[in-house]
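# Chains, contacts and geometry: an overview
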Amino acid sequence: QVQLVESGGGLVQAGGSLRLSCTASGSIFSIDYMGWYRQAPGKQRELVATVTRRGTTNYADSVKGRFTISRDNAKNTVYLQMNSLKPEDTAVYYCAPWPVSSSYRYWGQGTQVTVSS
């Protein structure tokens, strides 16, 4: 099972930007869809964006036009560029294949994103 390590989170003011990275311990080339997810305090984890092996992307309505997901299969890394950040984007961000079952147990430690108003 490929292990995933997220990084790049931090504290930023509303309107600011962050770039998250997710590095895999092995090849992600064979994984059709990779996704970024997030979990805010007291809320369920939600899907933010997905990217296919060939670079086709899809976004949750709440981040469309502000976030950009990409992947570099040669580097086994998935990125999430986040612009025009809002306080409601505050959450722990995780990457994982998509879809994942409710029993998926290979979540990484995530990276905290905090957006101040």
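Given the structure is predicted, the values throughout are model-derived calculations rather than measurements.

This part is about the nonpolar core. With 30 residues, the main nonpolar core has W36, L80, M82 and Y93 as its most contacted residues. Ignoring sequence-local partners within four residues, the contact set of Y93 consists of E6, L20, W36, Y37, R38, V48, F67, L80, M82, G110, T111 and V113.

The next thing to look at is the side chain of R66. Following the sequence through the fold, R66 ends up in the loop between strand 6 (57-59) and strand 7 (67-72). Residue classification places R66 among the buried residues on the basis of a relative accessible area of 9%.

Applying the stated rule across the entire model yields 1 disulfide. Each disulfide pairs two cysteine sulfurs, and for C22 the partner residue is C95, the sulfurs being separated by 1.7 Å. Disulfide C22-C95: torsion about the S-S bond near 45 degrees, hence right-handed. Taken as a pair, C22 in strand 3 (residues 18-24) and C95 in strand 9 (residues 91-97) lie far apart in primary sequence, 73 residues in all. Each member of the pair, C22 together with C95, is buried.

When you line up the elements, T50 lands in strand 5 (residues 46-52). The exposure class assigned to T50 is buried, which follows from its relative accessible area of 7%.

Next up on the list: unusual backbone geometry. Across the junction of W98 and P99, the peptide omega takes the value -5 degrees, indicating a cis bond. Within the secondary structure layout, P99 lies in the loop between strand 9 and strand 10 (111-116). For N76, which is not a glycine, the phi torsion comes out positive at approximately 55 degrees. On the secondary structure map, N76 appears in the loop between strand 7 and strand 8 (77-82). Owing to a relative accessible area of 18%, N76 belongs among the buried residues under this scheme. Located in the positive-phi region is S84, a residue other than glycine, with phi close to 50 degrees. Relative to the helices and strands, S84 is located in the loop between strand 8 and strand 9. For S84, a relative accessible area of 40% translates into the label partly exposed.

Bringing the sheet that holds strand 10 into the picture now. Pairing is mixed in the open sheet, where 6 strands are placed in the order 2-10-9-4-5-6. Strands at the two margins of the open sheet, each flanked by one partner only, are strand 2 (10-13) and strand 6. With direction set aside, neighbouring strand axes in the sheet form an average angle of 25 degrees. Sheet topology places strand 9 next to strand 10; 3 bridges connect them, and they run antiparallel. Bridge assignment links Y93 to a residue of strand 10, and that residue is T111.

What counts and what doesn't
Residues numbered from 1 in each chain as written. Predicted model: local features only at pLDDT ≥ 70, side-chain atom pairs only at ≥ 80, totals over all residues. Heavy atoms only, no water. Core = buried A, V, L, I, M, F, W, Y, C linked by side-chain atoms within 4.5 Å. Buried < 20%, exposed > 50% of the residue type's maximum accessible area, 1.4 Å probe, protein only. Contact = heavy atoms within 4.5 Å. Helix = DSSP H or I, 4+ residues; strand = E, 2+ residues; numbered from the N terminus. Disulfide = S-S within 2.5 Å. Pairing = 2+ DSSP bridges. Axes fitted to C-alpha atoms, helices over the stretch in contact; angles between N-to-C directions.

By themselves these figures say nothing about function.
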